[in-house]
Amino acid sequence: MNEWLDRHMGRLFLAPAVTLILIFSIFPLVASLIMAFTRIRFSAGGFKTRFVGWRNFDKQFFGSEQFHLLGTFTHISILGWVVGLSATAALLWWMWRYIRGPFWWFGFLGRLITLGMALALVWMFAATLLSGNQFGTVGTTLFYVVVGCALQFLIGTALAYACSQSIRGKTAFRVIFFVPMMITPIGIGYIFRMMADTTKGPFANVWQWVGLKDFAWATDPWAARIFITIAESWQWIPFVFIMMLAAFENVSRDLIEAAELDGASPWQRFAEITWPSVMPIAATVMLIRAIEAFKIVDLPNIMTSGGPGIATESVSLQAYYAWRSLDLGSASAIAYILLFITVVICVSFFNLVVLARVRKQQ
Amino acid sequence: MTPKRSIFEAPRIGQMSMATKIVLYSLLLIWSAFVLFPIYWLIITSFKDAADVNQGPFFIPFVDYQPTLHAWKELFVNDYEDTLRAYFNSIVISLSATALSVLIGSMAAYALSRVSYAPNLITILYFIALLALTVLAVTIYQVDWRLASAVAIAMFFFLARAVGNLYQFQLHNGDILFWIISQRILAPIVVVVPIYIMFQSVGLLDTHIAIIITYAVVNMPIVVWLMYDFFNSIPRDLEESAQLDGATMIGTFREIVLPLSRTGLAATTLLVMILSWNEYLLALFLSTSKAQTMPILVAAMNAGERGILWWTMSVAIIVMIIPVVVLAIFLQKYISKGLLVGAVKG
Amino acid sequence: MTAPIAETTGTAKSISIRNFNKYYGGFHALKDLSIEVKAGEFLVLLGPSGCGKSTALRMIAGLESISSGALLIGDRDVTEVLPKYRDIAMVFQSYALYPHKTVAENIGFPLKVAKTPAAEMEAAVRAAADQVELGEHLDRFPGQLSGGQRQRVALARAIIRRPSVFLMDEPLSNLDAKLRGNMRAELKHMQGELGITTIYVTHDQIEAMTLAHRVAIMKDGVLQQLGTPKEVYSDPANLFVAGFMGSPPMNFVTGALANEVFTSGSIQFPLLSTPNTASATLGFRPEDCQITAPGTGFLDADVFTVEMTGDQVLVTLRMDGTPLVVKMPKEFEIEAGAKAGITLDPKHLYVFDTDTGARVRRG
């Protein structure tokens, strides 16, 4: 008995995890894909499903929900054309450069998908944001991901670098900076609503002084988006902070001292030695943050319920609202669109940034 | 001889220049204020009543306004049933989900770091195809789900080997690891609807067990990822010598590996615990009343007709934060060490 | 055996270390270290780990502040000067190669931060790389090089700037034995050729003996002896130096000295012209003595093990529990367990005061 156990221990150790993931991750993933192509109607004692082909996706991309997911397309402004065309040219040039190098069909295919996604997103922004039109949940989600992650990364890294120097009260700063990560996102949503209250919040006098007393930030699309981004950053900067702090403290003292002896100034030491050493970790931290940021749902739901209009609605939230109105087919289709965008962007980033570096140095 | 110096250059060996110090400390202090002020505001708001909040911002208790326990009473005396039930639910669910996730996840991570696996890609694709067909048959063609899964399982076991022999395309431990970790990329929204239907059809909706299992699975990739790196950093000689001394794999795991990975386990546990404790979206789907957790309770306070009752809301948020802070204080020495072993090495 | 100090090229400078002290909190890590290093000299700081030799080196580099004392490079007082203005280059034990930079970028880094024009820099990098025979690997990353090659990159990075001082912190200790021998020879050759004043830290006495013009032996933050390799070997100032130099180390027999007679357990023999010492230690080197028939030497012992090393035979004997090692020619044969006598020329006998460690009779 014991011997049998020992011989099969390898499988027995792995089996529970794999089984659970198969049941609660792979099965739902497959089921969700199928649901995205069906129309589900709840009736007494169960539900009826009907296969509808691409109709759920069609509605999101080209039909009645286009404004919601992608934004309103009417015309493309001159600015839109300029930015769109120059970005397209840059992307095509990047592709051309790859094709002229050593060819590998897998790499080519991957880059082709990356290129397609990048072009689609560029033109979506050119036709909405840059042409004075409302953009949809995909645009909003990307705003949270790009602006939020950039903000978190800049501040988190700066704090970590400051904390990695020999300063007094290091432990105290570390503990303080870690605090926001322990607060539930729901709580953060409410705390920031209090902070932002222009009449009863702590900064009411400040708002009054700058003449914004009657300004309700939740009714202005950009103010609302920015507030959500600030709240999200407040929550996640600690994560970037602790990871980057460990990375900075892990940079070999010898390297820094060698550079010091070689005559490098403090700025050169950071730019030439410290930063390149932590770059792989920084890229990984960014990737983890981006993956999580794509899922954003609780803050917009709590702070603005996606409003004003759909201005702060993320793709996840849109899918949740679709589910709440019992449109399971659309909910699944939207979720799959989100999954596709996330996977393409994250895998591209991983391959073109993280792995490219690792490959070069080994 | 002496070149021009920047103001950030150290005046003496082992010292920082005044300019560097000013920049550093002001950055750190400003951020501390930015972190602490909202929390301070949260705490003082919990001791205010309606009038104190509505009549404009008051900053300092006893000076600006008279603190009261009004809000605390409301939540813990008047509505104690709701509050305590949600609190109890949250504790049971996050503790069990964390235990389950860490146990199963670290077992898998250990196996992946020590045993070589070579699953066949074709067999896996065959499995997924069968799964898709089964779901298709059940949802669209209304085949009874028991019948469909029985047929699928039978087909898998009878034909798996034959299909697998068609092409040999072996995967390795790294692929399995990547597969498990990549599950984290799935937004909960993608999988939650089928999970919802699944639990509904077996009558487990709005129960602890449903939320526990879901949380455990959602957090498992993190456990596997962190623990895999941690186990890899433990020298193998120790286990090999234990095995030569006659210990079984489970014995080695329990006697040698687990005690050595306390740091990693503590940090992972803390992280998973925080994530489960704060989780919102999945709980929103899977619980309606009985199994309602704290985040749902807090979020629901928004819906009142009198607008948001900031004071009770603050109390609710504070009581949600307290256990995490206590836990973090207990495990704090492990956090930076344990969490980062894998991450830092890349 | 030691090459004379090379003709200085003009860039080489003398270093004077004057009363160096280092405190870490209450811990006194370095006590009153004073050494005058001549221009172009190769000085080795030798000692067991924790003796303060690395601290001293880092103080010279400017990586640690000097608690009290002064440091002069050439005629210039650099005690308070930041490392980068000291005109020194250092090779670290870990080599401290920048993993994200190619070999060429690593070697060229000191010139890059000094804003040297690109063409000039490229030429200098090539010259330095050729000097350490790395010319073909300029585009590789440190991760792709072997241990010996990394060592060469570190050396090239140190020489490219033509500094007035080289500092080396155990640079060979990460190499395997064979490579270490080769690199040692190259290092010595290169230092002789460039004529740059070098301070080298090691715990390996062979390295110290072979490389140094002069060796400074340290223990517990205190300088024990400063002298040429020959001096510290054949004329050790105290018990510690005598025991630290040489492999296998010097044999010691403890006893007492009274009226020019040394007594240890059952043995007694005369030692002319030595002062009385209540507790004395007698020392003699394995290569200075021979094995004879029992009763014919100055002491008798039991043969414990016999080790054949190829070019010689090492015989370990025991006398009242005290191990004694004798180096014999490779033809020598004896059985373990036999009784044997040890004989030597009295001029090779060293006598130390056991309590103070001081030498009481010169050899």
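Residues numbered from 1 in each chain as written. Chains lettered and ligands numbered in written order. Predicted model: local features only at pLDDT ≥ 70, side-chain atom pairs only at ≥ 80, totals over all residues. Heavy atoms only, no water.

**Q** Is there a simple way to explain the overall build of chain B in this structure?
**A** Assigned secondary structure in chain B consists of 15 helices and 0 strands. Whereas a compact globule of 346 residues would reach a radius of gyration of roughly 20 Å, chain B reaches 27 Å, over 25% beyond that. In terms of principal-axis extent, the alpha carbons of chain B reach across some 80 × 75 × 45 Å. Within chain B, the fraction of its 346 residues that count as buried is 51%. Intrachain contacts of chain B at a sequence separation of at least 6 include 74% that bridge at least 24 residues. Across chain B, the centroid of the 19 positively charged side chains sits 10 Å from that of the 19 negatively charged ones. (Helix = DSSP H or I, 4+ residues; strand = E, 2+ residues; numbered from the N terminus. Rg over C-alpha atoms; globule rule 2.2 N^0.38 Å. Buried < 20%, exposed > 50% of the residue type's maximum accessible area, 1.4 Å probe, protein only. Contact = heavy atoms within 4.5 Å. Lys, Arg positive; Asp, Glu negative; His and termini not counted. Charge placed at Lys NZ, Arg CZ, Asp CG, Glu CD.)

**Q** Sorry if this is basic, but what is going on with the interface of chain C and chain A here?
**A** Where interface size is quoted, it is often the accessible area lost as the parts come together. Counting residues at the interface gives 25 residues for chain C, matched by 19 residues for chain A. Together chain C and chain A conceal approximately 2,000 Å² of surface at their shared face, both sides included; 58% is due to carbon and sulfur atoms. Counting the surface chain C buries against chain A, the share from its top three residues, Lys84, His100 and Val113 of chain C, is 27%. Applying the counting rule to chain C against chain A returns 4 salt bridges. One salt bridge connects Asp262 of chain A with Arg157 of chain C, and the closest N-O pair in it is separated by 3.7 Å. There are 8 residue pairs in polar contact (both at pLDDT 80 or more) connecting chain C and chain A. Of all the secondary structure elements, the ones that give two or more residues to the side of chain C that touches chain A are helix 1 (53-61), strand 6 (88-91) and helix 2 (103-113) of chain C. (Buried area = accessible area lost by both parts, 1.4 Å probe. Salt bridge = Lys/Arg side-chain N within 4 Å of Asp/Glu carboxyl O. Polar contact = N/O pair within 3.5 Å; in protein donor to acceptor, adjacent residues only side chain to side chain.)

**Q** What should I look at first to understand the sheet that holds strand 11 (residues 251-258) of chain C in this one?
**A** Backbone hydrogen bonds are what pair the strands of a sheet, in a parallel or an antiparallel way. All names here are of chain C. Taken in spatial order, the 6 strands of this open sheet run 13-12-11-14-20-21, and their pairing is antiparallel. At either margin of the open sheet sits one strand with a lone partner, and together these are strand 13 (267-270) and strand 21 (359-361). Between one strand and the next, the sheet's axes are offset by a mean angle of 40°, whatever the strand orientation. (Pairing = 2+ DSSP bridges. Axes fitted to C-alpha atoms, helices over the stretch in contact; angles between N-to-C directions.)

**Q** Is there a simple way to explain a positive patch on the surface in this structure?
**A** Residues and elements named next belong to chain A. On the surface, Arg39, Arg41, Arg50 and Arg55 cluster together to form a positively charged patch. Within the secondary structure layout, Arg39 lies in strand 1 (residues 38-43). Look at Arg39 and you get partly exposed, because its relative accessible area is 41%. (Patch = residues over 30% accessible without salt bridge, like charges linked within 9 Å, V, L, I, M, F, W, Y side chains within 5 Å. Areas by Shrake-Rupley, 256 points an atom, 1.4 Å probe, with all protein chains shown as cover.)

**Q** Would you mind showing me how to read the sheet that holds strand 18 (residues 322-329) of chain C here?
**A** All names here are of chain C. Pairing is antiparallel across the open sheet formed by 5 strands, whose spatial order is 15-19-16-17-18. For this open sheet the edge positions go to strand 15 (289-292) and strand 18, each flanked by a neighbour on one side alone. The average angle at which neighbouring strand axes cross in this sheet is 45°, direction not considered. Where strand 17 (residues 312-319) meets strand 18, 8 bridges bridge the pair, whose relative direction is antiparallel. By the bridge assignment, Gln312 is partnered in strand 18 with Pro329.

**Q** How do you make sense of the confidence of the model for chain B when you look at a structure like this?
**A** Regions with low pLDDT carry predicted coordinates that are not meant to be interpreted in detail. Per-chain confidence: chain B averages 82 in pLDDT, with 92% of residues scoring 70 or above. Between residues 342-346 of chain B, whose pLDDT stays under 50, and residues either more than four places distant or in other chains, the model counts 10 contacts. (pLDDT = per-residue confidence, 0-100.)

**Q** Looking at this model, I keep getting lost on helix 12 (residues 262-278) of chain B. Mind explaining?
**A** Residues separated by three or four positions in an α-helix point in the same direction, a consequence of the helix having 3.6 residues per turn. The end-to-end C-alpha separation of helix 12 of chain B is 24 Å, in line with the 24 Å expected for 17 residues at 1.5 Å each. In terms of burial, helix 12 of chain B is largely enclosed, as 14 of its 17 residues are buried. (Expected span 1.5 Å × (residues − 1).)

**Q** I'm lost on the interface of chain A and chain B in this one. Help?
**A** Of the residues lining the interface, 94 residues belong to chain A; the matching set on chain B comes to 93 residues. Approximately 8,800 Å² of surface area, both sides summed, lies buried where chain A meets chain B, with 82% of it carried by carbon and sulfur atoms. On inspection of chain A and its partner chain B, the count reaches 1 salt bridge. Considering each element in turn, the side of chain A that touches chain B owes the most residues, 24 residues, to helix 2 (residues 9-35) of chain A. Partitioning the side of chain A that touches chain B into residue classes produces 69 nonpolar, 15 polar and 10 charged. (Nonpolar A, V, L, I, M, F, W, Y, C, P; charged D, E, K, R; others polar.)

**Q** Is there a simple way to think about the packing of helix 7 (residues 137-164) of chain A against helix 11 (residues 221-250) of chain A in this case?
**A** Packed helices, taken two at a time, are described by the angle between their axes plus the distance between the axes. Residues and elements named next belong to chain A. Where helix 7 meets helix 11, the axes come as close as 6 Å, and the angle between the chain directions of the two elements is 40°. Judged by the inter-axis angle, helix 7 sits oblique to helix 11. Along this stretch, helix 7 crosses helix 11, giving a crossing that reads as right-handed. A class-by-class count of the residues in the contact of helix 7 with helix 11 yields 20 nonpolar, 8 polar and 3 charged. (Parallel < 35°, antiparallel > 145°, perpendicular 65-115°, else oblique. Left-handed = near helix turned anticlockwise from the far one by under 90°.)

**Q** When you look at the domain arrangement of chain A in this model, what are you seeing that I'm missing?
**A** Residue and element names in this part refer to chain A. Entries for chain A in the domain assignment read domain 1 (1-35), domain 2 (81-129) and domain 3 (134-361). Between the C-alpha centres of domain 1 and domain 3 there is a distance of 34 Å. Taken residue by residue, the interface counts 4 residues in domain 1 and 5 residues in domain 3. Of the roughly 410 Å² buried where domain 1 meets domain 3, counting both sides, 65% is carbon and sulfur surface. Of all residues in domain 1, Leu29, Ser32 and Met35 give up the largest surface area on contact with domain 3, accounting jointly for 82% of the area buried on that side. Counting every contact that joins domain 1 to domain 3 gives 0 salt bridges. Applying the counting criterion to the domain 1 and domain 3 interface returns 1 residue pair in polar contact (both at pLDDT 80 or more). Residues belonging to the side of domain 1 that touches domain 3 are distributed by class as follows: 3 nonpolar, 1 polar and no charged. (Domains from an automatic or database assignment.)

**Q** Would you take a moment to explain the side chain of Asn21 of chain C for this structure?
**A** Within the element layout of this structure, Asn21 of chain C appears in strand 1 (residues 15-24). Within the local environment of Asn21 of chain C, its side chain forms a polar contact with the side chain of His28 of chain C, the two groups lying 2.8 Å apart.

**Q** Would you mind going over the pattern of salt bridges with me for this structure?
**A** Opposite charge on two side chains permits pairing when their charged atoms draw close. A full pass over the atoms with the stated rule returns 22 salt bridges over all chains. Across the pair Arg289 of chain A and Glu232 of chain A runs a salt bridge whose closest N-O atoms are separated by 3.0 Å. Taken together, the residues span a long stretch of sequence, with Arg289 of chain A in helix 13 (residues 266-294) and Glu232 of chain A in helix 11 at a distance of 57 residues. Take Glu232 of chain A: its relative accessible area is 5%, and that puts it in the buried class. A salt bridge links Glu292 of chain A to Lys295 of chain A, with the shortest nitrogen-to-oxygen separation between them at 3.6 Å. Just as Glu292 of chain A is buried, Lys295 of chain A falls in that class too. Taken together, the shared-partner salt bridges connect Glu257 of chain A together with Lys22, Arg58 and Glu64 of chain C into one network.

**Q** When you look at unusual backbone geometry in this model, what are you seeing that I'm missing?
**A** Residues and elements named next belong to chain C. Geometrically, the link from Ser247 to Pro248 is a cis peptide bond, its omega value of -5° lying close to zero. With respect to the helices, strands and loops of the structure, Pro248 is situated in the loop between helix 8 (239-244) and strand 11. Residues other than glycine seldom take positive phi values, yet Glu133 does so here, at roughly 60°. Checked against the element boundaries, Glu133 lands in the loop between helix 3 (118-131) and helix 4 (147-159).

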